[in-house]
Amino acid sequence: LQAGLYDVLSAGVKTESSIKYLETAVKSAKGGFTDTATAVDGLTSTLNAYGLEASEVNRIANQMMVAQDLGKTTFGEMAQVIGRVAPTANALKVSTEELFSSLAVLTANGIQTNEAVTGLKAVFSGIAKPTSEATEASKALGIEFNADALASKGLMGFLLEVKEALARTAPELAMQSQRYGELNAQMAELEKAGKKSSSEYKALAEEAKNTEETIKLLTKAGDSQVSQFATMF
């Protein structure tokens, strides 16, 4: 607790707010499968990146716990890596709700937490400074692919536009991608219910594997419009 309090104060939290802040970190550590120091680091990294007051710590902790509940990640795993993407997300006006929602969705689909953070940062960086090729590809697909579009539409609105463009240009790929997400979500629910060894889970896993292979084949066989999505991201 003393070490945790030292970390809280070192992160710039005022003395009068430090004990309440530490209390939230301790609860987060217990519920998030980690230690107090890691919880403090994750919370302060997020709050500092977004320029939030210490009074917001409970709200951020709750968002991380919800992401843990809905995804296949833990508070501790997120806390260890969130500092790598939070500053970029804030610069692009991606809210903390959207950031942690994204981690929940990505990890629920089988992507490891650190890989999800790395992928998100790469996407955000690509949007912030798109290459000339990416800009040309987005114009050809009828998509606004830049920081202004992301800020005005929000992350979910921005990605929905990309999804709709994919459905127009490569409907079979879009359909298979949608199905793949649904299968992984169902598998995650069964895992949480302790039914990973059930016949239902095994059937879903087999279908998910086959769907993934179909997606890979469609991507390789896709025309230039499919490759334009890869160019953007």
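What you are looking at is a predicted structure, and each value in this text was computed from that prediction instead of being measured. (Residues numbered from 1 in each chain as written. Predicted model: local features only at pLDDT ≥ 70, side-chain atom pairs only at ≥ 80, totals over all residues. Heavy atoms only, no water.)

Give a description of the environment of V162 that names residues and reports values.
Within the element layout of this structure, V162 appears in helix α10 (residues 147-169). Relative accessible area serves as the criterion here: at 9%, V162 is assigned to the buried category. Residue contacts for V162: discarding those within four places in its chain leaves I143, F229 and F233. (Helix = DSSP H or I, 4+ residues; strand = E, 2+ residues; numbered from the N terminus. Buried < 20%, exposed > 50% of the residue type's maximum accessible area, 1.4 Å probe, protein only. Contact = heavy atoms within 4.5 Å.)

Mind laying out the packing of helix α8 (residues 113-128) against α10, listing which residues take part and the relevant values?
Between α8 and α10, whose axes approach to 11 Å, the crossing angle comes to 145 degrees. Taken together, the residues of α10 that come into contact with α8 (itself represented by F124, I127 and A128) are A147, L150, L155 and F158. Of the residues in the contact of α8 with α10, the class split is seven nonpolar, no polar and no charged. (Axes fitted to C-alpha atoms, helices over the stretch in contact; angles between N-to-C directions. Nonpolar A, V, L, I, M, F, W, Y, C, P; charged D, E, K, R; others polar.)

Residue-level account of the side chain of E98, with values.
As for its position among the elements, E98 is in helix α7 (residues 96-108). Of the buried charged residues, E98 lacks a salt bridge, with R59 as the closest side chain of opposite charge at 11 Å. Residues within four places of E98 in sequence aside, it is in contact with G154, L155 and M156. (Lys, Arg positive; Asp, Glu negative; His and termini not counted. Salt bridge = Lys/Arg side-chain N within 4 Å of Asp/Glu carboxyl O.)

So, unusual backbone geometry: which residues are in play, and what are the values?
With a phi angle near 60 degrees, F33 is a residue other than glycine that sits in the positive phi range. Mapped onto the fold, F33 is located in the loop between α2 (15-31) and α3 (36-50). With a phi angle near 65 degrees, K93 is a residue other than glycine that sits in the positive phi range. Topologically, K93 is positioned in the loop between α6 (86-91) and α7.

If you had to explain the confidence of the model for the chain to someone new, which residues and values would you point to?
For the chain, the average pLDDT comes to 93, and 98% of its residues sit at 70 or higher. Within the chain, no element has a lower average pLDDT than helix α13 (residues 224-232), which sits at 79, and none a higher one than helix α5 (residues 75-81), at 98. (pLDDT = per-residue confidence, 0-100.)

Which residues make up helix α4 (residues 57-70), and what values go with them?
Relative to the 20 Å expected for 14 residues at 1.5 Å per residue, α4 spans 20 Å between its end C-alpha atoms, a close match to the ideal helical length. Elements in contact with the buried residues of α4: α2, α3, α5 and α7. (Expected span 1.5 Å × (residues − 1).)

Residue-level account of α7, with values.
Under the 1.5 Å per step criterion, the end-to-end length of α7 is 18 Å for 13 residues, consistent within 8% with the ideal 18 Å. Within the span of α7, buried status applies to T96, E98, L99, F100, S102, L103, A104, T107 and A108. Positive backbone phi, approximately 95 degrees, marks G110, located one or two places after α7.

Got a sec to walk through the nonpolar core? Specific residues and values, please.
If you look at the biggest cluster of nonpolar residues, it comprises 55 residues, and the most contacted ones within it are L43, L99 and F124. Every residue in contact with L43, bar those within four places of it in the chain, is listed here: Y21, A25, S28, V57, I60, A61, M64 and F75. Formed by six residues, the second largest nonpolar core is a distinct cluster that contains L183, L190, L204 and A208. (Core = buried A, V, L, I, M, F, W, Y, C linked by side-chain atoms within 4.5 Å.)

Report on the environment of A49, specifying residues and quantitative values.
Structurally, A49 can be placed in helix α3. Classification of A49 by relative accessible area gives buried; the value is 17%. Along the sequence, A49 and M175 sit 126 residues apart, while their C-alpha atoms lie 37 Å from each other.

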